[in-house]
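One-letter residues, chain by chain:
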Amino acid sequence: MSLTRRLLLRASRSTWLARQLSQRAFFRRAVRRFMPGEDLSAALAAAADLAREGLGSVLTQLGEQVTSRDEAAGVRDHYLRVLEDIRQRQLPAEISVKLTHLGLDLNPKACLQDLLALAARAAADESFLWIDMEESRYVDPTLELFQAVRTAHEGVGLCLQAYLRRTPADLEALLPLAPAIRLVKGAYNEPPDVALPSKPEVDAAYAVLAGRLLERAARGEARAVFGTHDLGLIARLRQRALGLGAAPGAYEVHMLYGIRASAQRALQSEGVPVRVLISYGTHWFPWYMRRLAERPANVWFVVRHLMG
Ligand SMILES: Cc1cc2nc3c(=O)[nH]c(=O)nc-3n(C[C@H](O)[C@H](O)[C@H](O)COP(=O)(O)OP(=O)(O)OC[C@H]3O[C@@H](n4cnc5c(N)ncnc54)[C@H](O)[C@@H]3O)c2cc1C
């Protein structure tokens, strides 16, 4: 992992920096590249625009590691409202939640109850509930809660991170559930004994895991979602899918709002279902620092705003 990436990821956890930078106008302007606005209404409007172009969306309210059960209950209630809005507006939209935003650190049992409530509402509203994957210390409880919710509801999926050394075994353990898996490379600062340290290794691990998922998806035994902007990787996976007899509609690509927008439309026009993950909310500092870390060239984008 490059030094810049490591520094940016470390900075993402600094509350002092968050306080210093979050109020700066230039920083707020730069964030707009990845976020249509802080309010749910801006996210819903963006989802409606995408729907008019045939693209689906996934909505997520920024926030993590809440420190009180009241806050966690507020997050649950917020997402229940989001599902209601999606239904009323008939948007092709799903939701994605972080378990520490739903109070995983405080009370895993209450977090499970909240997840069950969201999964039940998502199913009733013909939407879908995704669970993000956070730092490696949360993987075990996240898998546990996902399995519990998946046993009760089909419409719930989980993010797995290709950079973790444990993920091949985790994926194999989940496959009997015919799961919905969103495979990503991984966005956090992890030590080398936990996560593969170099990008080529992560890319190679992603290709192997994606191939395994594709085999299952081709037989209708998994919902395979590739959460990546790596167009070379996506092209190779599409070839692999052809070899397996999996039609472009048998797997999906999910990308982040504001990244590779033209590729999103091109893939969709070629028959690959595409969803755009739209983030919104005021708690964007750690999330934005992770976006900068993914492509340190983005730092220059911020600097240009600062000077312009
Ligand atoms: C839908 C979705 C959901 C995700 N959910 C999670 C999650 O739950 N947990 C988690 O740990 N991570 C999550 N991530 C983030 C993921 O782990 C990666 O950090 C991120 O996607 C960058 O990796 P990449 O696969 O795009 O490949 P990379 O090899 O990093 O990037 C490929 C190319 O995409 C472009 N690109 C990538 N990132 C950016 C950026 N920030 N700005 C501008 N261009 C960029 C660049 O051109 C780059 O060369 C998610 C990503 C997506 C798309």
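Residues numbered from 1 in each chain as written. Predicted model: local features only at pLDDT ≥ 70, side-chain atom pairs only at ≥ 80, totals over all residues. Heavy atoms only, no water.

**Thoughts on the site of the ligand**
Here is step 1: Taken together, the neighbourhood of the ligand is formed by 27 residues, with Lys 185, Gly 186, Lys 199, Thr 228 and Glu 294 sitting nearest.
Here is step 2: Between the ligand and Gln 161, the relevant distance is 2.8 Å, taken from an oxygen atom to a side-chain nitrogen or oxygen of the residue.
Here is step 3: Within the backbone of Ala 187, an N or O atom sits 3.1 Å from an oxygen atom of the ligand.
Here is step 4: Relative to its free-state accessible area of 930 Å², the ligand is covered by the protein chains to the extent of 89%.
Here is step 5: More than half of the atoms belonging to the ligand lie within 2 Å of the grid points that define the largest pocket.
Here is step 6: Those elements that provide at least two residues to the shell around the ligand are strand 4 (156–161), strand 5 (180–184), strand 7 (251–256) and helix 12 (285–294). (Near = heavy atom within 4 Å. Polar contact = N/O pair within 3.5 Å; in protein donor to acceptor, adjacent residues only side chain to side chain. Areas by Shrake-Rupley, 256 points an atom, 1.4 Å probe, with all protein chains shown as cover. 1 Å grid on protein atoms, 1.4 Å probe; cavity = no way out; pocket = protein on both sides within 12 Å on 5 of 7 lines; lining within 4 Å. Sits in = over half its atoms within 2 Å of the grid points. Helix = DSSP H or I, 4+ residues; strand = E, 2+ residues; numbered from the N terminus.)

**Structural notes on the sheet that holds strand 4**
Here is step 1: Taken in spatial order, the eight strands line up as 1-2-3-4-5-6-7-8 and close into a barrel, and their pairing is parallel. In this sheet, neighbouring strand axes are inclined to one another by 25° on average, regardless of whether the strands run parallel or antiparallel.
Here is step 2: Of the pairings in the sheet, the one linking strand 6 (residues 223–227) to strand 7 comprises four bridges and is parallel in character. Bridge pairing in strand 7 places Val 225 opposite Glu 252.
Here is step 3: Sheet strands in contact with helix 6 (residues 108–124) are strand 2 (93–97) and strand 3 (129–131), and its direction is about 145° off that of strand 3. (Pairing = 2+ DSSP bridges. Axes fitted to C-alpha atoms, helices over the stretch in contact; angles between N-to-C directions. Contact = heavy atoms within 4.5 Å.)

**Re the pairing of strand 2**
Here is step 1: Strand 2 sits mainly inside the fold: five of its five residues count as buried.
Here is step 2: Of the two faces of strand 2, the one carrying Ala 93, Ile 95 and Val 97 and the one carrying Glu 94 and Ser 96 are both buried.
Here is step 3: As defined by bridge partners, strand 1 (residues 56–61) adjoins strand 2 across three bridges and the pair is classed as parallel. Paired with Val 58 across the strands is Glu 94, a residue of strand 2.
Here is step 4: Crossover handedness for the path strand 1 to helix 5 (residues 69–89) to strand 2: right-handed. (Buried < 20%, exposed > 50% of the residue type's maximum accessible area, 1.4 Å probe, protein only. Right-handed = clockwise from strand over helix to strand, strands pointing away.)

**Structural notes on the pattern of salt bridges**
Here is step 1: Counted under the stated rule, the structure contains 26 salt bridges.
Here is step 2: Residue Lys 199 pairs with Asp 203 through a salt bridge whose shortest N-O separation is 3.2 Å. In this pair, Lys 199 and Asp 203 both sit in helix 9 (residues 199–218), four residues apart, roughly one turn of the helix.
Here is step 3: Residue Lys 199 is classed as exposed on the basis of its relative accessible area of 51%.
Here is step 4: A relative accessible area of 18% places Asp 203 in the buried class.
Here is step 5: With a closest N to O distance of 3.2 Å, Arg 219 and Glu 221 form a salt bridge.
Here is step 6: Under the relative-accessibility criterion, Glu 221 is labelled partly exposed at 29%.
Here is step 7: Each of the salt bridges in this network shares a partner with another, and the network as a whole consists of Arg 13, Glu 64, Glu 135 and Arg 290. (Salt bridge = Lys/Arg side-chain N within 4 Å of Asp/Glu carboxyl O.)

**A short note on the layout of surface pockets**
Regions of empty space are outlined by a rolling probe, equal in size to a water molecule, passed over the atoms.
Here is step 1: Roughly 1,400 Å³ of volume is contained in the largest pocket.
Here is step 2: If you trace the largest pocket, you find 50 residues lining it, with Arg 5, Lys 185, Gly 186, Ala 187 and Glu 294 closest to the centre.
Here is step 3: Elements represented by at least two residues in the lining of the largest pocket include exactly helix 1 (3–11), strand 1, strand 4, strand 5, helix 9, strand 7, strand 8 (274–280) and helix 12.
Here is step 4: Sorting elements by how many residues they give to the lining of the largest pocket places helix 12 first, with four residues. (Points joined across faces, edges and corners; volume = space filled by probe spheres on them.)

**Examining the environment of Ala 293**
Here is step 1: Tracing the backbone shows Ala 293 in helix 12.
Here is step 2: Given a relative accessible area of 1%, Ala 293 falls into the buried group.
Here is step 3: Separated by 106 residues in the primary sequence, Ala 293 and Ala 187 have C-alpha atoms spaced 8.2 Å apart.
Here is step 4: Ala 293 has contacts with Arg 5, Leu 8 and Leu 9, leaving out every residue within four places of it along the chain.

**Quick word on the side chain of Ser 57**
Here is step 1: Looking at the secondary structure, you find Ser 57 in strand 1.
Here is step 2: Its relative accessible area of 1% is what places Ser 57 among the buried residues.
Here is step 3: In this structure Ser 57 touches Ala 47, Leu 50, Pro 92, Ala 93, Glu 94, Arg 275, Val 276 and Ile 278, once residues within four positions along its chain are discounted.

**Here's the deal with helix 7 (residues 139–152)**
Here is step 1: With 14 residues, helix 7 extends 20 Å from end C-alpha to end C-alpha; this agrees with the ideal 20 Å at 1.5 Å per step.
Here is step 2: Listed as buried for helix 7 are Val 139, Thr 142, Leu 143, Leu 145, Phe 146, Val 149 and Arg 150.
Here is step 3: In the core, the buried residues of helix 7 are packed alongside helix 6, strand 3, strand 4 and helix 8 (167–174). (Expected span 1.5 Å × (residues − 1).)

**Quick look at the pairing of strand 8**
It is a general feature of regular strands that their side chains alternate between the two faces of the sheet.
Here is step 1: Burial within strand 8 is extensive, with seven of its seven residues counted as buried.
Here is step 2: Going residue by residue along strand 8, you find Val 274, Val 276, Ile 278 and Tyr 280 tucked away on one face and Arg 275, Leu 277 and Ser 279 tucked away on the opposite face as well.
Here is step 3: Judged from the six bridges that link them, strand 1 and strand 8 form a sheet pairing that is parallel. The partner of Gln 61 across the bridge, within strand 8, is Tyr 280.

Don't take any of this as a statement about function, it's just geometry.
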